[in-house]
Amino acid sequence: MLAFKSSTRNAHRIARSFATVVDSAGYKVASVDANQPTSSVTFLVNGGTRFESKAGVAHALKNFAFMGIVRLIASQSTKSRSALGSIRESELYGGVLSASLSREHLALTAEFLRGDEEFFVKLLTEFVQSAKFTRHEYEEYVAPVVESETAEAAGNPGVTAVDLAHALAFRNGLGASLFANHRVTVDDVSAFAHSAFGNVAVLGTGIDQGVLSELVKRYSHSAQPSTSSTPPASSYFGGESRVAAHGTPTVFLGFGTTGATSSDIAALNAYLSPTPSIKWSNGISPISPAISAGTTVQTVYLPYTDATLFGFLIQGSDVKAAGTAAVAALKAAAKGLSKEDFAKASAKAKFAAASAVESREGLLNVLGSKVLSGSDASVEGLLKPFDAVTSASVSKAASALVAAKPTFVAVGDVASLPYADELGL
């Protein structure tokens, strides 16, 4: 309880320093400043895979953004600087450049010592507004990295299972793979970038809101109008897939929902997750006693703007027993939670939400999309929905999941892996 109260106080401190989203040169700008010695600036765009004009272009654009001298660290040419020049200048400042891709967003981030924000804001705005996509850079640097990352993902049963689960659950849009399984051209990447960079949010940490807004205004032309079309609303389908592969036997079983993010599912995730909050304890999950040595169970809770994927990633020597226990626990939750179990799950879920915004990555993941859409980006707004969560609402959410068609993926020796109906689905 003491730890939770402390975290809540920290969350309120961050909330007070998180400035109101303002418009600067057509960009949405917001910043958190806790007076730390390092700073970061992230340019967030609607460049995730659900917005792709052609399969694979988002993955290619991510690697074009910061070209492959290091696997996920790169840079690329603009009209005023070469790729190598950008990298060398960044290293002189001690900065780190990175790019990350999700199904909804592409994030371009610079981390640096406090006081060096002018150089890095200018660098990122140059990329967003005047990037050059050259064929030789694509062929020599970008394409090999894209192919390597795709091959690495294909060799990871867990990544494969979750990627396929999205395709089964949502088909198009959110179902698009994070990895380019087909070659795209540099012209494809350039066209996608032009459409994605019309809606940009700039998020800063360790930098004053006014300073960041002024720098964005100084180095940006007015934001180019977005030519990207609004993706269709997500629909949930479900289904089953089996993939023969080497490696750890892996099963994903889960369900999808559509609509806004649900705090009830977040609380359900906290209740069912076998990961304990206290070291050496068994946690509160009813699944834990059924997990044998050599087998792991992770809950998968992936909320998006208009849909959520929830389920279990089970890997190891006895996925059938663990999977059966997970399904039984979900069905039991649909019938109701005890007062004590609900209190623990609710507190755990709220703590997870509050603590997520204490890191740069967490701020980006949790509040970035809210800044981009212009919705409430305060921490209070993030936590307030948990006040309406009740034991009955969590059970109702679990019941709705169980009633839907499941999403089931088996990766490994498919002759020995169970089918969905063998686990009680």
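The rules we used
- Residues numbered from 1 in each chain as written.
- Predicted model: local features only at pLDDT ≥ 70, side-chain atom pairs only at ≥ 80, totals over all residues.
- Heavy atoms only, no water.
- Helix = DSSP H or I, 4+ residues; strand = E, 2+ residues; numbered from the N terminus.
- Buried < 20%, exposed > 50% of the residue type's maximum accessible area, 1.4 Å probe, protein only.
- Contact = heavy atoms within 4.5 Å.
- Areas by Shrake-Rupley, 256 points an atom, 1.4 Å probe, with all protein chains shown as cover.
- Axes fitted to C-alpha atoms, helices over the stretch in contact; angles between N-to-C directions.
- Parallel < 35°, antiparallel > 145°, perpendicular 65-115°, else oblique.
- Left-handed = near helix turned anticlockwise from the far one by under 90°.
- Pairing = 2+ DSSP bridges.
- 1 Å grid on protein atoms, 1.4 Å probe; cavity = no way out; pocket = protein on both sides within 12 Å on 5 of 7 lines; lining within 4 Å.
- Points joined across faces, edges and corners; volume = space filled by probe spheres on them.
- Nonpolar A, V, L, I, M, F, W, Y, C, P; charged D, E, K, R; others polar.
- pLDDT = per-residue confidence, 0-100.
- Core = buried A, V, L, I, M, F, W, Y, C linked by side-chain atoms within 4.5 Å.

Quick notes on the overall build of the protein
- Summing up its helical and strand segments, the protein has 14 helices and eleven strands in all.
- Taken across its 425 residues, the protein has 51% of its residues classed as buried.
- Considering only contacts in the protein between residues 6 or more positions apart, those separated by 24 or more positions represent 79%.
- Put simply, the protein shows about 18800 Å² of open surface, and 55% of that area lies on carbon and sulfur atoms.

Remarks on the packing of helix α9 (residues 263-272) against helix α10 (residues 319-335)
- α10 packs onto α9 with a crossing angle of 130 degrees between their chain directions and a minimal axis gap of 11 Å. With respect to their mutual orientation, α9 and α10 come out oblique. Remark: the crossing between α9 and α10 carries right-handed chirality. Here α9 contributes L268, Y271 and L272 to the contact with α10, which in turn contributes A329, L330 and A333.

What to know about the pairing of strand β6 (residues 200-205)
- Burial within β6 is extensive, with six of its six residues counted as buried.
- Residues V200, V202 and G204 point to one face of β6 and A201, L203 and T205 to the other, with burial holding for every one of them.
- In this sheet, β6 lies alongside strand β2 (residues 27-32) in parallel orientation, the contact comprising five bridges. Paired with V29 across the two strands is V202, which belongs to β6.
- Alignment of strand β3 (residues 38-45) against β6, held across six bridges, turns out to be antiparallel. Considered in β6, the bridge of L44 is made with A201.

Here we look at the layout of surface pockets
- Here the second largest pocket defines a volume of roughly 190 Å³.
- Along the walls of the second largest pocket sit 13 residues, with T160, D163, S177, F179 and N181 positioned nearest its centre.
- Listed by contribution, the elements that provide at least two residues to the lining of the second largest pocket are α5 (135-154) and α6 (157-170).
- Here the lining of the second largest pocket takes five residues from α6, the largest share from any one element.
- Residues that form the lining of the second largest pocket fall into these classes: seven nonpolar, five polar and one charged.

Re the pairing of strand β11 (residues 407-412)
- Among the six residues in β11, six count as buried, and that is most of the element.
- Relative to β11, strand β7 (residues 239-244) is paired through six bridges, and the arrangement is parallel. Paired with R242 across the two strands is A410, which belongs to β11.
- In terms of strand pairing, strand β8 (residues 250-258) meets β11 through five bridges, oriented antiparallel. Residue pairing for β11: L253 is matched across the bridge by F408.

Focus on the confidence of the model for the protein
- Per-residue pLDDT for the protein averages 86, and the proportion of residues at 70 or more is 87%.
- Within the model, the stretch residues 1-17 combines pLDDT values under 50 with 23 contacts to residues more than four positions away or in other chains.
- This model gives residues 68-77 a pLDDT under 50, and the stretch forms 45 contacts once residues within four places in sequence are excluded.

Thoughts on helix α2 (residues 57-65)
- The element α2 is extensively covered by neighbouring structure, given that nine of its nine residues are classed as buried.
- Looking only at α2, the buried set comprises V57, A58, H59, A60, L61, K62, N63, F64 and A65.
- Close packing links the buried residues of α2 with β4 (96-101), β5 (106-113), α4 (117-130), α5 and α7 (186-196).

Some points on the nonpolar core
- Judged by nonpolar contacts, the single largest core of 63 residues is most densely connected at F252, L253, L268, L272, F310 and F312.
- Here this core takes eight residues from α10, the largest share from any one element.
- Discounting chain neighbours no more than four positions away, the residues touching F312 are V251, F252, L253, L272, I287, V297, Q298, T299, V300 and A326.
- One finds L97, L101, L108 and V200 within the second-largest nonpolar core, a separate group that totals 46 residues.

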